[in-house]
Structures are given as C-alpha cells and as structure tokens.
Amino acid sequence: MSFVKRAVGRLVHRGWAYVREAAAISPAAPGGYRFRRMGEGVCLSFPQGAIFGEQWIEIGPHTLVGERVSISAGMGPGVDLGPDSIVRIGRGCSIGRGSHIVGHQSIDIGDDVFTGPYVYITDQNHVYDDPETPVGRQWPRNKPVSIGSGSWIGTGAIILPGTRIGRQSVVAGGAVVRGEFPDHSVIAGVPAKVVRRHSPDLGWHSPPAPRLTSPFPADSGPRPHPHPRPEHESRTA
C-alpha cells in the first residue's frame, strides 16, 4: 500500500470517528432535548435508525443504544399521543445494534436490561378479523409490553404485544414471545415457552413435562383395538 493510501485511510477513519462522536444523541446534544426524559450518560450511537415521537420516549441514565436502532412512539412524526409517555427504557440498559422498539400504547423496559442485536419489541400487531379486507388495511390492536429489570433478550428475538416478562429472565435468540412469564425464567422457542426456572429450593431447573392423559376412563373396560380388522377376517375358517 502506498504512502498516499495509508494517509487517506487514516484520515477517513479519524473523520468517521469524529462524525460518530459528534452525531451521537446524548442529553447535551440538540437531539436529546426532544425526548421527554433522557438521563445522564445516555448515548444513542450514530448512525441512528428511525427515531420519532421523542416527546413520548423516556430513557434512563447510563443507557447505551447501539447503531441503527429504531425507537419510535406512534405511527409517524407529528401525531399527538396524549399526556403520558409511551416508551420507557430504564437505567443502565444496553440495546443491541439494529434493534427496533416500536411503541403505540405502552412499552416498559426495566433497569439493566440487555439485548443482542436485531431484537424487535412492539405493543401493536395487525389483525385479520375481516377475511375480505387486506390485513395491512385493518386497524391494528395494541397491548402493553413489560420487560423486567435485569433481563437478557437474545439476538433476533421478537417480543409481541401483551407480553410481560419477569425480572432476571432470559429470552433465547430467535424466540417469538407472547404471554406472561414469571421472574427468573428462561424462555425459548417459537412460540416461546418457559424451559427453565429458578426457585429457592431447587435452584435452576426444568419445569416438569405435562402429564399425558388417556382418552379412556380407568373403569371403561376393554379398550378398542386401534386398527380393528374387517369382520370377514375375524371369523375362523
């Protein structure tokens, strides 16, 4: 590599580092003043994803938001969403690059919640009630989402409307999560379910498998053969 190429390379990298630092959103930056609340030490890394509805977004102190993360409240900019905040991210969180947090009613992320990259969290989903109307044109429904403090959300996980995840829980990468889950759970699968739990007596353990029940009562007498032979085959010669 020639001296000129090396010099240009160093210049480009230094310039990009300066741009990233200057364009990051923090409480002291002009972009930080648009948020309802942005605590000390918050940093939204540059380049950011889609950021709008800042007036209804709160971010707690010392939270780091990775590059290309979208955080939005409402359908689009310029809409009055009422007096209350909609998206709340606690203190000391880390939101992985490329993630999306899309709020319309209520998304509450506790303190010290960490996510891998490309996590999707939303409190709104399309409906398909009318079989004749395109799904994308039917009015969506909202249900609040809550993620407990101290939890970890793995890469590519999807948190759907109506989900409540307890404290100190783990969501496996790629899980599609809907429903309510207690504290100290490991949640995995599509659809997601609890695969491990913690209790003071047992520590971390797998929940017992559901018992399979017979379709025949205990006193119902002889059970029919699952594959009965035709009548002419059952006769003796």
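Located above this text is the structure these notes cover.
A brief report on the enclosed structure follows. The structure presented is a predicted model; accordingly, all values stated were derived computationally and were not measured. (Residues numbered from 1 in each chain as written. Predicted model: local features only at pLDDT ≥ 70, side-chain atom pairs only at ≥ 80, totals over all residues. Heavy atoms only, no water.)

Across its full length, the protein carries two helices and 24 strands. Looking at the protein alone, contacts between residues at least 24 apart form 29% of all its contacts between residues at least 6 apart. Carbon and sulfur atoms make up 57% of the accessible area of the protein, which amounts to about 14800 Å² in all. (Helix = DSSP H or I, 4+ residues; strand = E, 2+ residues; numbered from the N terminus. Contact = heavy atoms within 4.5 Å. Areas by Shrake-Rupley, 256 points an atom, 1.4 Å probe, with all protein chains shown as cover.)

Let's shift gears to the pairing of strand β23 (residues 193-199). In the sheet, strand β22 (residues 185-188) pairs with β23 via four bridges, with the strands oriented antiparallel. Looking across to β23, one finds that I187 is bridged to V194. In textbook terms, the turn of a hairpin is the stretch between consecutive antiparallel strands, and for β22 and β23 this stretch comprises four residues, one of which, G189, has a positive phi near 105 degrees. Of the pairings in the sheet, the one linking β23 to strand β24 (residues 203-205) comprises three bridges and is antiparallel in character. When the sheet's bridge partners are listed, S199 is paired in β24 with G203. Remark: three residues form the turn of the hairpin made by β23 and β24, two consecutive strands paired antiparallel. (Pairing = 2+ DSSP bridges.)

The subject of this paragraph is the sheet that holds strand β15 (residues 145-147). What the seven strands build is an open sheet, ordered β1-β4-β7-β10-β15-β18-β21; its pairing is parallel. Only two strands of the sheet have a single partner each, and these edge strands are β1 (37-38) and β21 (180-181).

Each pocket or cavity is described by its volume, and for the largest pocket that value is around 230 Å³. Taken together, N125, H126, V127, Y128, D129, R141, N142, K143, P161 and R178 make up the full set of residues lining the largest pocket. Of the residues assigned to the lining of the largest pocket, the class counts are three nonpolar, three polar and four charged. (1 Å grid on protein atoms, 1.4 Å probe; cavity = no way out; pocket = protein on both sides within 12 Å on 5 of 7 lines; lining within 4 Å. Points joined across faces, edges and corners; volume = space filled by probe spheres on them. Nonpolar A, V, L, I, M, F, W, Y, C, P; charged D, E, K, R; others polar.)

With that settled, the discussion passes to the sheet that holds strand β3 (residues 51-52). In a beta sheet, neighbouring strands are held together by backbone hydrogen bonds and run either parallel or antiparallel to one another. The six strands lie next to each other as β3-β6-β9-β12-β17-β20, forming an open sheet whose pairing is parallel. In this open sheet, the two edge strands, each paired with only one partner strand, are β3 and β20 (176-177). Bridge count between β3 and strand β6 (residues 70-73): two bridges; the pairing is parallel. Bridging from a neighbouring strand, F52 pairs with S72 of β6.

Attention now moves to the pattern of salt bridges. For the structure shown, the criterion picks out eight salt bridges. When the shortest N-O distance is used, the salt bridge between R37 and E58 registers 3.5 Å. Highlighted residues: R37 in strand β1 and E58 in strand β4 (residues 57-59), separated in sequence by 21 residues. Here R37 falls in the partly exposed class, since its relative accessible area comes to 39%. For E58, a relative accessible area of 16% corresponds to the buried category. The residue R97 makes a salt bridge to E67 at a minimum N-O spacing of 3.6 Å. Of this pair, R97 sits in the loop between β8 (94-95) and β9 (100-103) while E67 sits in the loop between β5 (64-65) and β6, and the two are 30 residues apart along the sequence. The partly exposed category is assigned to R97, whose relative accessible area is 42%. (Salt bridge = Lys/Arg side-chain N within 4 Å of Asp/Glu carboxyl O. Buried < 20%, exposed > 50% of the residue type's maximum accessible area, 1.4 Å probe, protein only.)

What follows concerns the side chain of E67. For E67, a relative accessible area of 12% puts it in the buried group. Apart from residues no more than four positions distant in its own chain, E67 is found in contact with R20, S45, F46, P47, R97 and G98.

Taken together, the side chains of F3, V4, V8 and V12 make up a nonpolar region of the molecular surface, amounting to roughly 410 Å² of accessible area. Residue classification places F3 among the exposed positions, given a relative accessible area of 58%. (Patch = residues over 30% accessible without salt bridge, like charges linked within 9 Å, V, L, I, M, F, W, Y side chains within 5 Å.)

Moving on to the nonpolar core. Ranked by size, the top nonpolar core spans 36 residues in total, and within it L44, I109, I121, I165, V171 and V177 carry the most contacts. Where this core is concerned, the elements lending two or more residues are β4, β6, β7 (87-89), β10 (107-109) and β15. Discounting residues that sit within four places of it in the chain, V177 has contacts with I158, I159, L160, T163, I165, V171, I187 and A192. (Core = buried A, V, L, I, M, F, W, Y, C linked by side-chain atoms within 4.5 Å.)

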